[in-house]
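Listed below, chain by chain, are the residues.
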Amino acid sequence: MARKDPVRAAALGLLDGVWSEGRSLSDQIETEALAALAPPDRARAQRLAVLALREAGRIDRLLKPHLRKAPPSRVQALLRLAGAEMLAGGGAAHGVVDAAVALAPAAQKGLVNALARKLAGAGDAHAALPAPELPGWLRGRLMSAHGKAAVQRMEAAHLRGAPLDLTPRNGDAAALAARLAGQGIAAEALPTGSVRLAVGGQVSDLPGFDAGDWWVQDAAAALPARALGVGPGQRVLDLCAAPGGKTLQLAATGAEVTALDISEARLARLRANLARCGLEARIVAGDALDWTPEAPFDAILLDAPCSATGTIRRHPDLPYLRDPARLREIFALQAALIDRAAGWLRPGGRMVFSTCSLLPEEGEAQARAALERHPELTAQPIDLPGLAPEWHVPEGLRLRPDFWPERGGMDGFFVALWQHAGPARV
Ligand SMILES: C[S@@+](CC[C@H](N)C(=O)[O-])C[C@H]1O[C@@H](n2cnc3c(N)ncnc32)[C@H](O)[C@@H]1O
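Conventions adopted
Residues numbered from 1 in each chain as written. Predicted model: local features only at pLDDT ≥ 70, side-chain atom pairs only at ≥ 80, totals over all residues. Helix = DSSP H or I, 4+ residues; strand = E, 2+ residues; numbered from the N terminus. Rg over C-alpha atoms; globule rule 2.2 N^0.38 Å. Buried ≥ 20, exposed ≤ 12 C-beta atoms within 10 Å, placed from the backbone. Contact = placed C-beta atoms within 7 Å. Domains from an automatic or database assignment. Pairing = 2+ DSSP bridges. Axes fitted to C-alpha atoms, helices over the stretch in contact; angles between N-to-C directions. Core = buried A, V, L, I, M, F, W, Y, C linked by C-beta atoms within 7 Å. Near = placed C-beta within 6 Å. Nonpolar A, V, L, I, M, F, W, Y, C, P; charged D, E, K, R; others polar. UniProt positions renumbered as here; feature names shortened; annotations may be inferred. Arc of directions from axis to C-beta. Expected span 1.5 Å × (residues − 1). Parallel < 35°, antiparallel > 145°, perpendicular 65-115°, else oblique. Left-handed = near helix turned anticlockwise from the far one by under 90°.

Undergrad: Looking at this structure, how should I read the overall build of the protein?
TA: In terms of helices and strands, the protein carries 16 helices and 13 strands. Taking 22 Å as the expected radius of gyration for a compact globule of 426 residues, we find that the protein reaches 23 Å, a close match to that expectation. Out of the 426 residues belonging to the protein, those deemed buried represent 46%. Put simply, of all contacts in the protein between residues at least 6 apart along the chain, 72% involve residues at least 24 apart.

Rendered as structure tokens:
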């Protein structure tokens, strides 16, 4: 009998962590099973887990006719893993089935063997299935906000996953794309200023990583800092800053940036990112609801904590982890953060409110409510290179994973730009 393959065992452990313990993949990067693997194997285990999370709904549908009752959770995870590897990951059926049987509990080896073989023969049926549906709590909300056809396109985008986007430190996307292409790495300069790579791989091996010539940042995530439009010498606050993609963008303009975040652990990543890119910011560890600045700012970026539902194509574990009952707390925190930040702008100062969410409560509706509470703020049009007309909404920009399908999509984001007309309160 085949021995237990440590890579698939580690992938199965990650899936168990998500589905049985409610732990995110990123919270599990230090698990023993993963740590014991060499870096390329660790990456493969993580890729397999991600594939299984994306494919779970389709594998379940293929298994359904063959099951009288739901299998034990570990068997279900094992079959989702094996099915995803064979049907979407190019894994050879014989090896994958043997590996799944080796990892199955003794009493269920026969069941796993039989069902994994059924999956191995289900290639055509799998190819004909639509993308898995989002969980009901999220799907219902998104259907009301964006309509059924758009939600189906978003689900297809989630299944496809995400390319790797880079933000060039010097703002020259064409030059960075040409430099990467010169080294045999297919790269496209996007019209909004990011550089897109077709394939992932080890980020730290890419040319320019050590010199800090760029940082990894989704093309949509790069738009809030650009919308704020700051420049040299301006006093800028990045209010929920870590791990710092937007702090880097703001600092790269020559602005005097204060980067605040409540999480010391995430700020450590922000410090490392600044150091690698040779950029500077004043870093404050603290709760934005308690902290008060000494003087008003010319510009504030509030990239608020949110449901992160715009990032599901990168984080397919997210729909399994989010507790819809907690959403109201997050919406209220966003409103409280807006209210504090609004009081720290100098007259004429600008503020961007952004979230990587697809929910209007964290976007359009939050922005409308903010402007009602703050008559001193007025909405400003966001005019940046490369924006498609359909991304604009009255409240700002609505970005969705199903936009730019021919280019590989983008994360879901909401971005609003406001200007302060009244006197500062600090
Ligand atoms: C969406 S993330 C920010 C991402 C960041 N802007 C970037 O581009 O890398 C939200 C951040 O808000 C921080 N946060 C949550 N509550 C906070 C609070 N009360 N005060 C300050 N930061 C807070 C979290 O620690 C988290 O790092």
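What follows continues from the structure just given.
Undergrad: Sorry if this is basic, but what is going on with the environment of L37 here?
TA: By the element assignment, L37 lies in the loop between helix 2 (32–35) and helix 3 (39–63). If near-sequence neighbours (up to four positions away) are discounted, L37 is found in contact with P6, V7, A10, R42 and A45.

Undergrad: It is not clear to me how the domain arrangement of the protein should be interpreted in this structure. Could you clarify?
TA: A common way to express how large an interface is: the accessible area buried when the components associate. The domain architecture assigned to the protein consists of domain 1 (6–128) and domain 2 (223–420). Measuring from the centre of the C-alpha atoms in domain 1 to the corresponding centre in domain 2 gives 36 Å. Contact with domain 1, which involves 8 residues of that partner, is made by 4 residues of domain 2. When residues of the side of domain 1 that touches domain 2 are traced back to their parent elements, those giving at least two are helix 1 (6–21) and helix 3. Per-element accounting of the side of domain 1 that touches domain 2 gives the leading share, 3 residues, to helix 3.

Undergrad: Would you take a moment to explain the sheet that holds strand 4 (residues 214–216) for this structure?
TA: Think of a sheet as strands paired side by side through backbone hydrogen bonds, with each pair either parallel or antiparallel. Pairing within the open sheet is antiparallel, and its 4 strands lie in the order 2-3-1-4. Sheet topology places strand 2 (187–189) and strand 4 at the edges, where each strand pairs with a single neighbour. Averaged over all neighbouring strand pairs, the angle between strand axes comes to 30°, with direction disregarded. Bridge count for strand 2 against strand 3 (residues 195–197) is 3 bridges, and the pairing is antiparallel.

Undergrad: When you look at the nonpolar core in this model, what are you seeing that I'm missing?
TA: In globular proteins that are soluble, nonpolar side chains generally tend to be buried together. L239, I300, L302, M351, V352, F353 and V415 are the most contacted members of the largest nonpolar core, which has 80 residues in total. Those residues in contact with M351 that sit more than four places away from it in its chain are A299, I300, L302, A341, A342, L345, W418 and H420.

Undergrad: What is the right way to look at the site of the ligand in this model?
TA: In the vicinity of the ligand there are 17 residues, among which C240, I262, S263, A288 and D303 approach most closely. Where the shell around the ligand is concerned, the elements lending two or more residues are helix 12 (245–252) and strand 6 (256–261). Considered class by class, the residues forming the shell around the ligand number 9 nonpolar, 3 polar and 5 charged.

Undergrad: What's the story with the environment of R226 in this structure? I'm lost.
TA: Structurally, R226 can be placed in helix 11 (residues 223–228). A residue is classified by how many C-beta atoms lie within 10 Å of it, and R226, with 24 of them, is buried. For the pair R226 and D383, spaced 157 residues apart in sequence, the C-alpha separation works out to 9.6 Å. Excluding anything up to four places from it in sequence, R226 contacts G193 and L384.

Undergrad: Explanation requested: the UniProt feature "binding site: S-adenosyl-L-methionine" (unreviewed entry) in the protein in the structure shown.
TA: The sites that UniProt annotates as "binding site: S-adenosyl-L-methionine" (unreviewed entry) are C240, A241, A242, P243, G244, G245, K246, D261, D287 and D303. Relative to the helices and strands, G245 is located in helix 12. Using a count of 20 C-beta atoms within 10 Å as the deciding quantity, one classes G245 as buried. As for its position among the elements, K246 is in helix 12. Taking the number of C-beta atoms within 10 Å as the measure of exposure, K246 has 27 and is therefore buried.

Undergrad: How should I be thinking about unusual backbone geometry in this particular structure?
TA: Apart from glycine, the bulk of residues carry a negative phi angle, and the bulk of peptide bonds sit in the trans form. Residue P243 follows A242 across a cis peptide bond; omega there is 5°. Positionally, P243 belongs in the loop between strand 5 (235–238) and helix 12. Non-glycine residue W404 carries a positive phi angle of around 55°. Looking at the secondary structure, you find W404 in the loop between strand 12 (396–399) and strand 13 (413–420).

Undergrad: How should helix 16 (residues 364–373) be read in this particular structure?
TA: In an α-helix, one turn spans 3.6 residues; hence positions three or four apart end up facing the same way. Residues of helix 16 that are buried include every one of Q366, A367 and A370, and no others. Projected onto a plane normal to the axis of helix 16, the buried residues spread over an arc of 100° and lie on a single side.

Undergrad: Any chance you could explain helix 15 (residues 327–342) here in plain terms?
TA: For helix 15, built from 16 residues, the straight-helix expectation of 22 Å at 1.5 Å per residue is met to within 8% by its first-to-last C-alpha distance of 23 Å. Within helix 15 the residues assigned to the buried category are L327, I330, F331, Q334, I338, A341 and A342. Down the axis of helix 15, the sector holding all buried residues measures 105°, keeping them to one side. The outward face of helix 15, more than 90 degrees from its buried face, is lined by the exposed residues R328, E329 and A332. Check the buried side of helix 15 and you find it contacts strand 8 (297–303), strand 9 (345–355), helix 16 and strand 10 (377–379).

Undergrad: I keep staring at the packing of helix 5 (residues 93–103) against helix 6 (residues 109–120) and nothing clicks. Help me out?
TA: Describing two packed helices takes the angle between their axes plus the distance from one axis to the other. Between helix 5 and helix 6, the shortest axis-to-axis distance is 9 Å and the interhelical angle comes to 155°. Here helix 5 is positioned roughly antiparallel relative to helix 6, judged by the angle of their axes. Viewed along their axes, helix 5 and helix 6 form a crossing whose handedness is right-handed. Between helix 5 and helix 6, the residues in contact are A93, V97, A100 and V101 and K109, V112, N113, A116, R117 and A120, respectively. For the contact of helix 5 with helix 6, the per-class residue count stands at 7 nonpolar, 1 polar and 2 charged.

Undergrad: Is there a simple way to explain the packing of helix 3 against helix 4 (residues 73–87) in this structure?
TA: Where helix 3 contacts helix 4, the two axes come as close as 7 Å, and the packing angle between them is 100°. It follows from the interaxial angle that helix 3 and helix 4 lie roughly perpendicular. Between helix 3 and helix 4, the contacting residues are L48, L51, A52, E55, A56, I59, L62 and L63 on the first element and L79, R80, L81, G83, A84 and E85 on the second. Each residue belonging to the contact of helix 3 with helix 4 can be placed in one class, and the counts come to 10 nonpolar, 1 polar and 3 charged.

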